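Given next are the chains, with one letter for each unit.
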Amino acid sequence: MNSASRIQVERRIVFLLLLVAVALPIIFPLGLKTQGTPLTRKAYDMVDETPEGSVVVISFDYDPSTVTELQPMAIALIEHAWKRKQKIVATALWPQGSQMADMAFRDVQEKFGNTKVYGEDYVNLGYKVGGMVIIQAMGRNLKSVYPTDMSNTPYSEIPMLSGIRTLKDIAYVFSLSAGDPGLKDWVMTAKDKYNVPVAGGTTAVSTPGFLPYVNDQKQLYGLLGGLKGAAEYELLLEYEGSASLNMNPQSVAHILILVLIAIGNIKAYRKRKAAPAAEEVSNG
Amino acid sequence: MKRNLPLVFAFVVGLVVFLSEFIPHNPFGQITETLENWFMIVSSFAILLGQISLVRANVTRVAERSHNWQYYLAGLVSFTLMVAVGLLWGMEQTPGIFGQGEKIAAFISAKPFDYIFEFSYIPLASTMFALLAFYIASAAYRAFIIRNFESNLLMITAVIVILGRTSFATALTGWVPASLKLLHLPELTDFIMQYPNTAAQRAIMISAALGVIGSSLRIILGIERSYLGGGK
């Protein structure tokens, strides 16, 4: 077998192993528990300490590709905000974010026995194109940016928005962000320009890039990082949702990757060791 | 004239928006607000332009039977289907030409657009993203090889962070006494993420910000003209 076809076979073995590593814990859950981190705790505290009746913004800045990581965050957040009797305004800087919001509201409504009333407890203002410029405009006049909600109800006829004129009337913004536009725009505009508290949830791959914003100036109040962040939030809310369950296959997959790295290094070491010996033999 | 007019526009608009950040009084506030509204309108048209461009590019490839033309055809059919069902019956609360489509919604438990979105698009998009895991596993196996001091350091850090982000982390180092808390894998991971990682990220962010300021100035002053198109 030549080198190229050996690599192809190895790749397929790796793919197969990963498939098994992910599938088995889904079929037979391991019941592993996640340990909370201060970043998640800070985000939780921000929501928890916001007074009852406050109007808050959850921005759905993602699309279905990252639904596994970000949708559990959305569900946990909505549940927490509603438990604290806060009123939620859903916005979206990504085109499919508004559908993600509807799905999340639908899921949490079931938990609350469909007792939450649209327009009084939550509203979906939908997607607006423009990223940071939209947030800047929201800081001046929310109604001009969103003259109607998703179902074409005029802004002035939505009861929970009666006292909300600009972004400054919002208690906090929580952006669930899969990229650009997203959390960074909320930090730079809502927090830095209008001083509205901002927290966020991102995919695991982009979390390290947002850590500098969690600082003494509280540019970000807290940060949920990937599936683990969502699982930690579920832990704080004392329920086991999809993030907690999906942490099992993710953890096993991570362990498999570490094992594969170790095997790759052993192979490389043996190859390096064999190379001078082969050279000596060929030199006579 | 054709090239100078956009340059003048870019200079004036750039200068006004820049100044309005330092002078929060009228007329600057008013002008910026108007410019923001224009931006939103222009951006909305950009979406329409994108759709037209998508259709044109795909139709051309299908008509010319270019390599893998079947995929372009699938893209066109999917696009047309979503636009059609969206226009006819709307989505979620928004009505379409035929209203809310209650009869169809009663039959398939959702509006056609929402049904396709939830049961086709979401699984497909998630699958595409999940495929990354397979490539990461394969790449880690072949590329994460210790060759020198730097790669050694990178690998040790990666091992700690990967382990620390799993649910096994607590079990693996739970036996370490509380006095050596920093050696607990989750704590060690947090330390790495919070200090060395944040320091490096800040350096990258500051460099990128300086780059953005530089390129913005080049655009405002008309030195950078590639956004005008037309080659040079």
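Throughout what follows, the structure given in this document is the object of discussion. What you are looking at is a predicted structure, and each value in this text was computed from that prediction instead of being measured.

**Examining the packing of helix α2 (residues 28–63) of chain B against helix α3 (residues 69–89) of chain B**
All names here are of chain B.
- Contact pair α2 / α3: the axes reach a minimum separation of 8 Å and the direction vectors enclose 140°. By the criterion of interaxial angle, the relationship of α2 to α3 is oblique. Between α2 and α3 lies a crossing of left-handed hand. Along the contact surface, α2 presents L54, N58, V59, R61 and V62, while α3 presents W69, Y72, L73, G75, L76 and F79.

**Considering the sheet that holds strand β2 (residues 87–92) of chain A**
Residue and element names in this part refer to chain A.
- Strand order in the open sheet formed by six strands is β3-β2-β1-β4-β5-β6, and the pairing between neighbours is parallel. Of all the strands in the sheet, just β3 (122–127) and β6 (223–225) have a single pairing partner and so form its edges. The mean angle between the axes of side-by-side strands here comes to 15°, regardless of whether they run parallel or antiparallel.
- Inspection of the sheet shows strand β1 (residues 55–61) paired to β2 by five bridges, in the parallel sense. Residue pairing for β2: V57 is matched across the bridge by V89.
- With respect to the sheet, helix α2 (residues 38–49) is in contact with β5 (198–202) and β6, its orientation differing from that of β6 by roughly 130°.
- Contacting β1, β2 and β3, helix α4 (residues 97–111) runs over the sheet at an angle of about 160° to β3.

**Here we look at the nonpolar core**
- Of all hydrophobic cores here, the largest spans 78 residues; its most connected members are I58(A), A74(A), I78(A) and V198(A).
- Sorting elements by how many residues they give to this core places helix α3 (residues 67–83) of chain A first, with ten residues.
- Here A74(A) is in contact with I58(A), F60(A), M100(A), A104(A) and L176(A), once residues within four sequence places are set aside.
- If you look at the next biggest cluster of nonpolar residues, it comprises 15 residues, including Y141(B), F144(B), I162(B) and L163(B).

**A short note on the pairing of β2(A)**
Residue and element names in this part refer to chain A.
- Counting buried positions along β2 gives six out of six residues, so the element sits mostly inside the fold.
- Taking every second residue as pointing to the same face, both faces of β2 are buried, with K87, V89 and T91 on one and I88, A90 and A92 on the other.
- Read as a crossover between parallel neighbours, the route from β1 over α3 to β2 is right-handed.
- In this structure, β2 lies alongside β3, joined through five bridges in parallel fashion. When the bridges of β3 are listed, A90 appears paired with N124.
- With α4 bridging β2 and its parallel neighbour β3, the resulting β-α-β unit is right-handed.

**Section: the interface of chain A and chain B**
- Contact with chain A, which involves 47 residues of that partner, is made by 45 residues of chain B.
- Elements with a minimum of two residues in the side of chain A that touches chain B: α1 (3–27), α3, α4, α5 (132–140), α8 (207–210) and α10 (242–282) of chain A.
- Taken together, the residues of the side of chain A that touches chain B break down into 24 nonpolar, 17 polar and six charged.

**Some thoughts on the environment of N265(A)**
- Relative to the helices and strands, N265(A) resides in helix α10.
- By C-beta crowding, N265(A) is classed as partly exposed, having 16 other C-beta atoms within 10 Å.
- Once the C-alpha coordinates of N265(A) and L176(A) are considered, the two residues, 89 residues apart in sequence, prove to be 38 Å apart.
- When sequence neighbours within four positions are dropped, the list of residues in contact with N265(A) reads I145(B) and I146(B).

**As for α2(A)**
Residue and element names in this part refer to chain A.
- Its twelve residues place the ends of α2 16 Å apart at the C-alpha level, agreeing with the 16 Å of an ideal helix rising 1.5 Å per residue.
- All buried positions along α2 are accounted for by L39, T40, A43, Y44, M46 and V47. Buried positions in α2, seen along its axis, are confined to an arc of 155° and lie on one side of it.
- Packed against the buried residues of α2 are α3, β5, β6 and α9 (226–236).

**Comments concerning unusual backbone geometry**
- Omega for the peptide link from D180(A) to P181(A) comes to 0°, which places this bond in the cis form.
- The step from N26(B) to P27(B) runs through a cis peptide bond, and the omega angle for that step is 10°.
- Assignment of secondary structure puts P27(B) in the loop between α1 (4–20) and α2.
- Even without being a glycine, K85(A) presents a positive backbone phi close to 60°.

**Comments concerning the pairing of β5(A)**
Residue and element names in this part refer to chain A.
- Among the five residues in β5, five count as buried, and that is most of the element.
- As paired elements, strand β4 (residues 173–177) and β5 share five bridges and run parallel to each other. In the sheet register, S175 faces β5, and the bridge partner there is G200.
- A crossover links β4 with its parallel partner β5, the connecting element being helix α7 (residues 183–191), and its sense is right-handed.
- Direction of pairing for β5 relative to β6: parallel, over a ladder of three bridges. Residue pairing in the sheet places T202 in a bridge with G225 of β6.

Rules behind the numbers
Residues numbered from 1 in each chain as written. Chains lettered and ligands numbered in written order. Predicted model: local features only at pLDDT ≥ 70, side-chain atom pairs only at ≥ 80, totals over all residues. Axes fitted to C-alpha atoms, helices over the stretch in contact; angles between N-to-C directions. Helix = DSSP H or I, 4+ residues; strand = E, 2+ residues; numbered from the N terminus. Parallel < 35°, antiparallel > 145°, perpendicular 65-115°, else oblique. Left-handed = near helix turned anticlockwise from the far one by under 90°. Contact = placed C-beta atoms within 7 Å. Pairing = 2+ DSSP bridges. Core = buried A, V, L, I, M, F, W, Y, C linked by C-beta atoms within 7 Å. Buried ≥ 20, exposed ≤ 12 C-beta atoms within 10 Å, placed from the backbone. Right-handed = clockwise from strand over helix to strand, strands pointing away. Nonpolar A, V, L, I, M, F, W, Y, C, P; charged D, E, K, R; others polar. Expected span 1.5 Å × (residues − 1). Arc of directions from axis to C-beta.

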